[in-house]
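Fold and geometry: a report
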Amino acid sequence: MKALDELTFDNRFARLGDAFSTHVLPEPLDEPRLVVASDAAMALLDLDPAVAETPVFAELFGGHKLWAEAQPRAMVYSGHQFGGYTPQLGDGRGLLLGEVYNQAGEHWDLHLKGAGMTPYSRMGDGRAVLRSSIREFLASEALHALGIPTSRALCVIGSSTPVWREKQERGAMVLRLAPSHIRFGHFEYFYYTQKSEQLAELAEHVLNLHYPECREQPEPYLAMFREIVERNAEMVAKWQAYGFCHGVMNTDNMSILGITFDFGPFAFLDDFDAHFICNHSDHEGRYSFSNQVPIGQWNLSALAQALTPFISVDALKEALGLYLPIYQAHYLDLMRRRLGLTTAEEDDQKLVERLLKLMQNSGVDYTLFFRRLGDESAALAVARLRDDFVDLAGFDAWAEQYKARVARDRDDSETQRRERMHAVNPLYILRNYLAQNAIAAAESGDYSEVRQLHEVLNKPFEEQAGMEQYAQRPPDWGKHLEISCSS
């Protein structure tokens, strides 16, 4: 394990130069203090978890100190926001401090969110507040524990710095980790500004550093785009299977690596609702839960447009055509496993769709239904779950189909069935009301709840003694929390 001053930097993106980013120093927070840290994320940098409790840790990630080898840069990019193109965006409150490589040879961006104003702040103050920083930290680590591709979060640093949003709040910084923070919007920026030289340089950078295996293909850029399509299709499939709503699927929030990042007004489904809108600012429902699938393809089409200087339009269209079949294959595979099925049958998709329609019409808790379905035999489980549904005749018909499907699938013991299903059906998810409880405590200076919630969410599939309150259905107020982009 390493100490903080032993990290090894290799700032590859910074070396692209001033056309791609601007040198900016972090603006320090007043009285920085550790709110929460992730041991698992620290391990990615080979850091000893004990260093999180040292004063220098809060000073580094609160903007007061900087490694000599770090090169803090604010990245420039553009993007389609709610369907409309914005010519210039960029890191308005975040800084890429540098790239650290670990003993395994992996490179990790150290990206500090809430670090102050940059040339891309667009009239903003460049700050993040404690509530949004805690939400991003918890979401990053919770998605990772569920097996959903995501950026990671190393820590949240709180402060006494006043920040004004709808009311006065306290400033905070969250340190994010990812192999790259390059977005679809990076390519769009250089394409639409007709900076062909920089666009080619960016494409080479991504190809060489993040998709080197595509170099071996006859058309490396096309192979890279296909891989990006596949990764995003798999990511969205996992979002849908686990009921995760991103909330702001703008192209500037889409990773070139197909990982979830830029957490804003996200939410996990409580009661199943295909039309659920988690972003209070999304008045048209563009980024509703069910729309995430087509929006994923729309965003890939926007990236494809920016890649037309390197790839033929026909080849791009053919690659885009892979998205829905790949999505469907990943989604159905995971939903089969969530239902306890180990083989594939032609009507499995209809079985899933009928169940979701019944859940939709009855306000059934999405996470707890699947968890309880695996608690005992299929016959006993559906009998216990029956009372959660309004359309009893409809559920009974589905239950008979399901029991028959399970009987055809595999003859194993109740213990084996429970172990298989519990390994893919979480007991604990990051419900909005749980995050809000942790935030309220943290805003009053008590960080114990956010740390406890983080620990519980690290092991979402394992029943944890004494943690029953984190596995309950939300209270009524907890289902109606409004989350906006404001942070």
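The notes below deal with the structure included here. What you see is a predicted model; the values in this text were computed from it and never measured.

Scanning the protein from N- to C-terminus turns up 16 helices and 13 strands. Here the C-alpha atoms of the protein give a radius of gyration of 23 Å, agreeing with the 23 Å that 2.2 N^0.38 yields for 487 residues. Its C-alpha atoms give the protein principal-axis dimensions of about 65 × 55 × 45 Å. Residues classed as buried in the protein amount to 57% of the 487 residues present. Accessible surface, the protein: about 19400 Å² in total, of which carbon and sulfur atoms supply 49%. Side chains of the protein carry 47 positive and 69 negative charges; the gap between the two charge centres is 2 Å.

A few words now on the packing of aromatic side chains. Think of a pair of aromatic rings as described by two things: how far the centres are apart, and how the planes are tilted against each other in angle. According to the stated counting rule, one finds 25 aromatic pairs in the structure shown. Cluster of aromatic residues (ring-pair linked, three or more members): Phe272, Phe289, Tyr366, Phe369, Phe370, Phe389, Phe395, Trp398 and Tyr402. For the cation-ring pair, Arg135 lies above Phe266, with the distance from its terminal atom to the ring centre recorded as 4.1 Å. Cation over ring: Arg338 sits above Phe370, and NZ or CZ is 4.5 Å from the ring centre.

It is worth spelling out the environment of Asp46 at this point. Take Asp46: it is sitting in the loop between helix 1 (39-43) and helix 2 (55-61). Sequence spacing of Asp46 and Tyr101 is 55 residues, and the spatial spacing of their C-alpha atoms is 9.3 Å. Beyond its immediate sequence surroundings of up to four residues, Asp46 is in contact with Met1, Lys2, Asn102 and Gln103.

All right, on to empty space enclosed by the protein then. On inspection of all chains with the given rule, the structure shows three cavities of 30 Å³ or more. Taken as a whole, the largest cavity spans an internal volume of roughly 60 Å³. If you go around the largest cavity, you meet 13 residues; those closest to its centre are Phe13, Glu99, Asp109, Ser180 and His205. Elements represented by at least two residues in the lining of the largest cavity include exactly strand 6 (94-101) and helix 5 (196-210). Tallying contributions element by element places helix 5 first for the lining of the largest cavity, with three residues.

For strand 2 (residues 33-37), the tally of buried residues reaches four of five residues, placing the bulk of the element in the interior. Sheet analysis places strand 2 next to strand 9 (residues 152-158), joined by four bridges and oriented antiparallel. Residue pairing for strand 9: Arg33 is matched across the bridge by Gly158.

Here we come to helix 12 (residues 378-385). Taken together, the buried positions of helix 12 are occupied by Ala378, Ala381, Val382 and Leu385. In a view along the axis of helix 12, the buried residues occupy a sector of 90°, so they form one face of it. Exposed residues pointing more than 90 degrees away from the buried face of helix 12 are listed as Ala383 and Arg384. If you follow the buried residues of helix 12, they end up packed against helix 11 (366-373), helix 13 (392-409) and helix 14 (414-422).

Bringing helix 14 into the picture now. Within helix 14, the full set of buried residues consists of Arg417, Met421 and His422. Projected down its long axis, helix 14 shows its buried positions confined to an angular sector of 115°, all on one face. Elements in contact with the buried residues of helix 14: helix 9 (323-338), helix 11, helix 12 and helix 13.

About the cut-offs
- Think of each chain on its own: its residues are numbered from 1, step by step along the sequence as written.
- Note on the predicted model: pLDDT of at least 70 is required for a residue's local features to be given, and 80 or more for side-chain atom pairs to be given and counted; whole-chain, interface and lining totals, by contrast, use all residues.
- Excluding hydrogens and water, the side-chain values take into account all heavy atoms of the structure.
- Starting at the N terminus, helices and strands are each numbered in turn, a helix being any DSSP run of H or I of at least four residues and a strand any DSSP run of E of at least two.
- Only C-alpha atoms enter the radius of gyration, while the globule expectation follows 2.2 Å times N to the 0.38, with N the number of residues.
- Classification of residues uses two cut-offs on accessible area relative to the type maximum, computed with a 1.4 Å probe and protein chains only: under 20% is buried, over 50% is exposed, and between them is partly exposed.
- All accessibility values rest on the Shrake-Rupley procedure with a 1.4 Å probe; residue burial counts only the protein chains present in the view.
- Positive charges come from Lys and Arg, negative ones from Asp and Glu, while His and the chain ends are left out of the count.
- Taken as the charge centre is NZ of Lys, CZ of Arg, CG of Asp or CD of Glu, depending on the residue.
- A pair of aromatic rings is counted whenever rings of Phe, Tyr or Trp (Trp by its six-membered ring) have centres within 6.5 Å, and the orientation is called stacked for planes under 30 degrees apart, edge-to-face for over 60 and tilted otherwise.
- Any Lys NZ or Arg CZ that is within 6 Å of a ring centre and within 35 degrees of that ring's normal is treated as a charge sitting over the ring.
- The contact rule is simple, with two residues in contact once any of their heavy atoms fall within 4.5 Å.
- Cavity and pocket criteria rest on a 1 Å grid covering protein atoms alone: a 1.4 Å probe that fits but cannot get out defines a cavity, protein on both sides within 12 Å along at least 5 of 7 lines defines an open pocket, and an atom within 4 Å of a point defines a lining residue.
- Grid points are joined across faces, edges and corners, and a volume is the space filled by probe spheres set on the points.
- Think of it this way: DSSP has to see at least two bridges between two strands before they count as a pair.
- As used here, the arc belongs to the directions running from the helix axis to the C-beta atoms.

All quantities given are derived from atomic positions and should not be read as evidence of function.
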